[in-house]
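Fold and geometry: a report
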Amino acid sequence: MRKKPTRKRSDRYRLFRIVILAGLLMTLGLIFLVSTLGSQNFGPLHKLVLEAMGPLQKAVTLSSSYLETFKSEYIDILQDSLRLREENKRLVQQLQENENILNKSREAMATNASLRKLLEFKNSLDQQQMVATTIVGKDPSAMFRSVIIDRGSNSGVGRGNPVVNSDGVVGQVFAVTPNYAKVLLAIAPSSAIDVLLQKSRVRGILKGNGTLTYRLEYILKTAEVEEGDHVVTAGYGGIFPTGLQVGVISKIIKKPRGMFHEIEVTPSVDYQKLENLLILQQPQLGEIKQMEQR
Amino acid sequence: MVVLHFIAVGVVLAILQTTVCMRTPVSFLAPDFYYVLVAYLALRLDVLRSLVILFPLACVLDVLSGTILGTYALICFGGYFFLRQLAGKLPVNELLYELPLISLSFLAVSWAVYLFLELFQPGQQAAWSWWKILARMLLVALCSYPLFLFFDLIQKYSQRSFLSWGKLRLRSDNRRRRT
C-alpha cells in the first residue's frame, strides 16, 4: 500500500526533468541561432566543432585520396592492361588481315603482270589460235623433264602443239587426254627443235640435256657464230612458227676434230618460274600427221 | 582393305611428289615417296597384295612423270624384287637396319634402269649425275623412317575390319549350343 505514492512521485519528477531539459536545449538552440544569425561571427563553438571535425575530415580525405591513388595505380592499370591486351589482340588480328590482303594483292599484281605480258605476246602473234593454260604437275624424276597442264583435247589441244610463254619456246605437247596434257619441255633430253641463228640465218637442231641449258647441234664450223647470238625457231616442219625466241648462245666450244661446233644455249625462258603457258594450235598439224602416216 | 588403302596412299604420295614437293620443273630435291612405299611392300607385305598395289602405283607414276612409259614399272618392280631377295637373306628386320638397305637399293635400281634405258632408248634421258642421285638417296633414307611408321599405322588400321562376320552372324538364344 505504501509503494504507490512513491511511484507516482518518481513519475512526476521524471516528467519534470524532461521538461526542464527540453526547455534548456530549446533555449540553448535559440541562443545559438540568435547569436549565429545575428552576429555572423565564427564563434568559439564553431571553432570547437571545426577542431573536432577537422581530423576526421582529414582522415577521410587522406584515406579517400589514398584509395584514389591505389585505384589509379593498380586497379586502373589492371583495367588498362586488360583493355590494352584486347586492343593489342584486335590490332594483331587486323595486322594479319592486312598482311593477308597485301600478300593477295601482291600475288594478284604479279599474276596480272605475267598475264599482261602473255597477252601482249599473244597479240604479237597475229592470226595464231592459242589456248592459255596453267601447270598443274611437274615431273619429279631426275631423268626426264615434263609438266602436266590443265588443258586437253576438249580445249583443242593436240599432240605436237608448241607450248610457249611470253619469253619464248617452252616445249611441245607430248600426250593428250580430254582435259589434261603432258608437255615435253625443251630442256628434256628427248626434245629436238629446228632453229635458226637470228643474225647469220644458220640452221641447227636445238636439243635439251636435262639441265638449264640447251645444246645446239649441226652448226658447221664454217658458219659465223658468236656468243650472244639469238636463237629462234626455224619454222620448218610446220610445228613451231618461225621466229619464236628460244635462247642466246652462251658458250662455243671449238674442237680441232669434227665438222660441227659444240654450242651451249641459255634458254630465254626461265624454267624455274614456269606458271602460265600458251599452247599454239596448229590446224595443219593433223594434215601433216595424216601425210606422214600415208 | 589393306590393298585399297595402300593404293590410295600410293596415289596421294605420287600426287604430293609431283605437286607440293616439286617447286620448279627442274627441282631435283623431290623425295621419292613412292620408292619408300615399294620398300615397305617388299619388307612388310606378302607378294600377292604387294603386286596388286604396285600395278596401279607404277601406272600412275608413268602417267604423271617421264616420257618413256614403263620406266616406273621397271623401277617399282625391280626395286620390289631386289629388296625382297635381299631382305630374305638379312638376319634382322629392324627398320633402322633396313634404312641403308632401302637407299642403296634405290641407287642400284636407278642405275640399272638408267643403263637399261641408255641401251634401248639412247639419248632420251638426262645424263647420270652422282651428286643428284646421292642427294635423292639421302632423301629416301630420311623419309623412310617416318613413312614406315605411317604405313604401319595404316596397315594396323586396315586390319581392323569394319564389318567382321562375327558381328553380323545371327546368334541363337542358347549360348551354350554350338551352331
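A quick note: this is a predicted structure, and the numbers were derived from the prediction, not measured.

Moving on to the overall build of chain A. The secondary structure content of chain A amounts to three helices and 12 strands. Looking at chain A as a whole, 30% of its 294 residues qualify as buried. Sequence separation of at least 24 residues holds for 56% of the intrachain contacts in chain A that already meet a minimum separation of 6. With an accessible surface of roughly 19,900 Å², chain A has 58% of that area assigned to carbon and sulfur atoms.

When helices and strands are counted, chain B shows seven helices and zero strands. If you list the helices and strands of chain B from N to C, you get α-α-α-α-α-α-α. Expressed as a percentage of the 179 residues in chain B, the buried residues total 47%. Here the analysis covers contacts within chain B between residues at least 6 apart in sequence; of these, 73% occur between residues at least 24 apart. Taken as a whole, chain B presents about 10,200 Å² of accessible surface, with 68% of it coming from carbon and sulfur.

Let us now look at the pattern of salt bridges. Residue and element names in this part refer to chain A. Per the stated rule, a full pass over the model turns up 10 salt bridges over all chains. Of the charged contacts, one joins K207 and E217 as a salt bridge, the two residues approaching to 3.9 Å between their closest N and O atoms. Separated by 10 residues along the polypeptide, K207 in strand β7 (residues 203-208) and E217 in strand β8 (residues 214-217) bring together distant segments of the chain. K207 gets classed as partly exposed once you look at its relative accessible area, which sits at 25%. Judged by relative accessible area, E217 falls into the buried class, the value being 19%.

Among the surface-exposed residues, L21, L24, L25, L28 and I31 of chain A lie close enough to one another that they form a single nonpolar patch of about 510 Å² accessible area. As for its position among the elements, L24 of chain A is in helix α1 (residues 3-39).

Counting residues in hydrophobic clusters, the biggest one holds 55 residues, and the most contacted among them are F6, Y34, Y35, L54, F148 and F151 of chain B. If you tally residues by element for this core, the top one is helix α2 (residues 33-44) of chain B, at 11 residues. Other than its neighbours up to four places away in sequence, F151 of chain B contacts F6, V9, L13, V36, L37 and Y40 of chain B. Ranked by size, the runner-up nonpolar core spans 44 residues in total, among them V163, V183, V202 and Y271 of chain A.

Right, let's talk about the sheet that holds β7 of chain A for a bit. Residues and elements named next belong to chain A. The strand order around the closed barrel formed by six strands is β6-β7-β8-β11-β10-β9, and the pairing between neighbours is antiparallel. If you compare each strand with its neighbour and ignore which way they point, the axes differ by 40 degrees on average. As defined by bridge partners, β7 adjoins β8 across four bridges and the pair is classed as antiparallel. Looking at the pairing, L206 lines up with L216 of β8.

All right, on to the pairing of β7 of chain A then. All names here are of chain A. On β7, burial follows the alternation: G204, L206 and G208 on one face are buried, whereas R203, I205 and K207 on the facing-out side are not. When strand β6 (residues 192-197) meets β7, the two strands line up antiparallel, connected through five bridges. Following the sheet pairing, L196 is matched in β7 by R203. Between β6 and the antiparallel strand that follows it, β7, lie five residues; R201 among them carries a positive phi value of about 60 degrees. Linking β7 back to β8 in an antiparallel pair, the connection comprises five residues, with G210 at a positive phi of about 85 degrees.

With that out of the way, let us pick up the interface of chain A and chain B. The interface is formed by 26 residues belonging to chain A together with 28 residues belonging to chain B. When the buried area of chain A at its contact with chain B is split by residue, K138, P140 and F144 of chain A rank highest and sum to 31% of it. The interface formed by chain A and chain B includes 11 residue pairs in polar contact (both at pLDDT 80 or more). Of all elements in the fold, only β1 (130-138), β2 (146-149) and β5 (181-185) of chain A reach the threshold of two or more residues within the side of chain A that touches chain B. Its residues assigned to classes, the side of chain A that touches chain B comprises 15 nonpolar, seven polar and four charged.

In this section: unusual backbone geometry. Residues and elements named next belong to chain A. Located in the positive-phi region is R201, a residue other than glycine, with phi close to 60 degrees. Within the secondary structure layout, R201 lies in the loop between β6 and β7. Although it is not a glycine, Y218 sits at a positive phi angle of roughly 65 degrees. Mapped onto the elements of the fold, Y218 is located in the loop between β8 and β9 (230-233).

This brings us to the packing of α2 of chain B against helix α6 (residues 130-159) of chain B. All names here are of chain B. As a packed pair, α2 and α6 sit with axes 9 Å apart at the nearest point and diverge in direction by 55 degrees. Between α2 and α6, the angle falls in the class oblique. Handedness of the crossing formed by α2 with α6: right-handed. In contact with F33, Y35, V36, L37, A39, Y40, L43 and R44 of α2, α6 contributes V140, C143, S144, L147, F148, F151, D152 and Q155. For the contact of α2 with α6, the residue count by class is 12 nonpolar, two polar and two charged.

For the rest of this paragraph, the subject is the confidence of the model for chain B. Note that predicted coordinates carrying low pLDDT should not be read in detail. Considering every residue of chain B, the mean pLDDT works out to 85; 89% of them sit at 70 or more. Looking at the elements of chain B, mean pLDDT is at its lowest for helix α7 (residues 165-168) of chain B, recorded as 52, and at its highest for α2 of chain B, recorded as 92.

Parameters at a glance
- Residues numbered from 1 in each chain as written.
- Chains lettered and ligands numbered in written order.
- Predicted model: local features only at pLDDT ≥ 70, side-chain atom pairs only at ≥ 80, totals over all residues.
- Heavy atoms only, no water.
- Helix = DSSP H or I, 4+ residues; strand = E, 2+ residues; numbered from the N terminus.
- Buried < 20%, exposed > 50% of the residue type's maximum accessible area, 1.4 Å probe, protein only.
- Contact = heavy atoms within 4.5 Å.
- Areas by Shrake-Rupley, 256 points an atom, 1.4 Å probe, with all protein chains shown as cover.
- Salt bridge = Lys/Arg side-chain N within 4 Å of Asp/Glu carboxyl O.
- Patch = residues over 30% accessible without salt bridge, like charges linked within 9 Å, V, L, I, M, F, W, Y side chains within 5 Å.
- Core = buried A, V, L, I, M, F, W, Y, C linked by side-chain atoms within 4.5 Å.
- Pairing = 2+ DSSP bridges.
- Axes fitted to C-alpha atoms, helices over the stretch in contact; angles between N-to-C directions.
- Buried area = accessible area lost by both parts, 1.4 Å probe.
- Polar contact = N/O pair within 3.5 Å; in protein donor to acceptor, adjacent residues only side chain to side chain.
- Nonpolar A, V, L, I, M, F, W, Y, C, P; charged D, E, K, R; others polar.
- Parallel < 35°, antiparallel > 145°, perpendicular 65-115°, else oblique.
- Left-handed = near helix turned anticlockwise from the far one by under 90°.
- pLDDT = per-residue confidence, 0-100.

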